[in-house]
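Residue-level structural notes
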Amino acid sequence: MGKMRLIGTARKLEGMNTIEGISRAMGINQKKAIELMHRMRKKGFVKTKGGGKQKRFYYISPERLSTGTSLYEIINKYAPSGAKVQPIHEYIVHGRRVTEEEALIFAIESESIRAIIASLSLFKHITQWTLLSKLADKPLKRKICALYGVAKTILKVRKMPERFKKSAVPCKKDKYTYIARKIGSKDFKQIEKAWKVYIPLNKADLEEYKI
């Protein structure tokens, strides 16, 4: 669908809508309505509100609502279809390209297990390890290395530079830290021990990656 058709569709649907209302207005089923909203949101004509247990609403305008990039868009770009995140709130970066390294850090710091699962695919596309090193302090580097270890069990990932790895190695005085919700893993104990990081994932959580 070209830009002019998207603008025309936005004019037709302008205002607050639900998927049911969009489906009726466009004469399409709800699955196609969701796909349409996804395309229009990527082009900046739609903002969403709600989701999860709350009903999702779509605010539609023929004027661009955002010319920035959602951090969740970068995370979902690489995640398996079953692991993609449906955020309640979007986090938009304006005026520049969002890097995969920034998206990875955002996912980890969100402490959202769904976002963390989805972000594992980012390790296939991380190339700017120097940037990642600048953006992360040592505790965060340990979490990155721990999740990298998990990603290696399910994906072919880019090699982590030894320099980054050495900068993250915990010393005796470093205490164990959690990634999310004070949850540890039954299946990734060795990785936890290596980085002194409790991983809030087990193999059953990663079924979308077809272990």
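Details of the structure are given in the entry above.
Residues numbered from 1 in each chain as written. Predicted model: local features only at pLDDT ≥ 70, side-chain atom pairs only at ≥ 80, totals over all residues. Heavy atoms only, no water.

A few points about the packing of aromatic side chains
Put simply, the rule reads: Between rings of Phe, Tyr and Trp, where Trp is taken as its six-membered ring, a pair exists when centres lie within 6.5 Å; planes separated by under 30 degrees are stacked, by over 60 edge-to-face, and by other angles tilted. Helical segments are the DSSP runs of H or I of at least four residues, strand segments are the runs of E of at least two, and each set is numbered from the N terminus. Any residue under 20% of the maximum accessible area for its type is buried, any over 50% is exposed, and the rest in between are partly exposed; the area is computed with a 1.4 Å probe on protein chains only. In our convention, an over-ring charge means Lys NZ or Arg CZ found within 6 Å of a ring centre and within 35 degrees of that ring's normal.
Enumeration according to the criterion identifies six aromatic pairs in this entry. Judged by centre distance (6.2 Å) and plane angle (85 degrees), the rings of Trp 129 and Tyr 148 are edge-to-face. Of this pair, Trp 129 sits in helix α7 (residues 129-135) while Tyr 148 sits in helix α8 (residues 138-152); the two residues are 19 residues apart in sequence, bridging distant segments of the chain. We note that Trp 129, like Tyr 148, is buried. Every member of this aromatic cluster is reached through a ring pair, and the members are Phe 123, Trp 129, Tyr 148 and Phe 164. A cation sits over an aromatic face here: Lys 141 above Phe 164, 5.8 Å from the ring centre.

Looking at the environment of Ser 121
For clarity, the threshold we go by: Definition of a polar contact: a pair of N or O atoms within 3.5 Å, with one able to donate and the other able to accept a hydrogen when the atoms are protein atoms, and with sequence-neighbouring residues admitted only if both atoms are side-chain atoms.
Along the chain, the position of Ser 121 falls in the loop between α6 (113-119) and α7. Overall, the relative accessible area of 4% leaves Ser 121 in the buried class. Separated by 18 residues in the primary sequence, Ser 121 and Pro 139 place their C-alpha atoms 21 Å from one another. From its side chain, Ser 121 meets the backbone oxygen of Tyr 78 in a polar contact 3.2 Å long.

Some remarks on the nonpolar core
The nonpolar side chains of a soluble globular protein tend to be buried with one another. Where we set the bar: Side-chain atoms within 4.5 Å link the members of a nonpolar core, which is a set of buried Ala, Val, Leu, Ile, Met, Phe, Trp, Tyr and Cys residues.
Counting residues in hydrophobic clusters, the biggest one holds 49 residues, and the most contacted among them are Leu 120, Phe 123, Ile 144, Leu 201 and Leu 206. Per-element tally for this core: the top contributor is α8, with eight residues. By size, the runner-up hydrophobic cluster in this structure holds 14 residues, among which are Ile 19, Ile 22, Leu 36 and Ile 60.

Side note on unusual backbone geometry
Here the phi dihedral of Arg 181 falls at roughly 55 degrees; this positive angle occurs in a residue that is not glycine. With respect to the element layout, Arg 181 can be found in the loop between β6 (177-178) and α10 (189-195). Of note in this structure, Lys 196 is not a glycine but carries a positive phi near 55 degrees. Note that Lys 196 resides in the loop between α10 and β7 (197-198).

As far as function goes, none of this settles anything; it's purely spatial.
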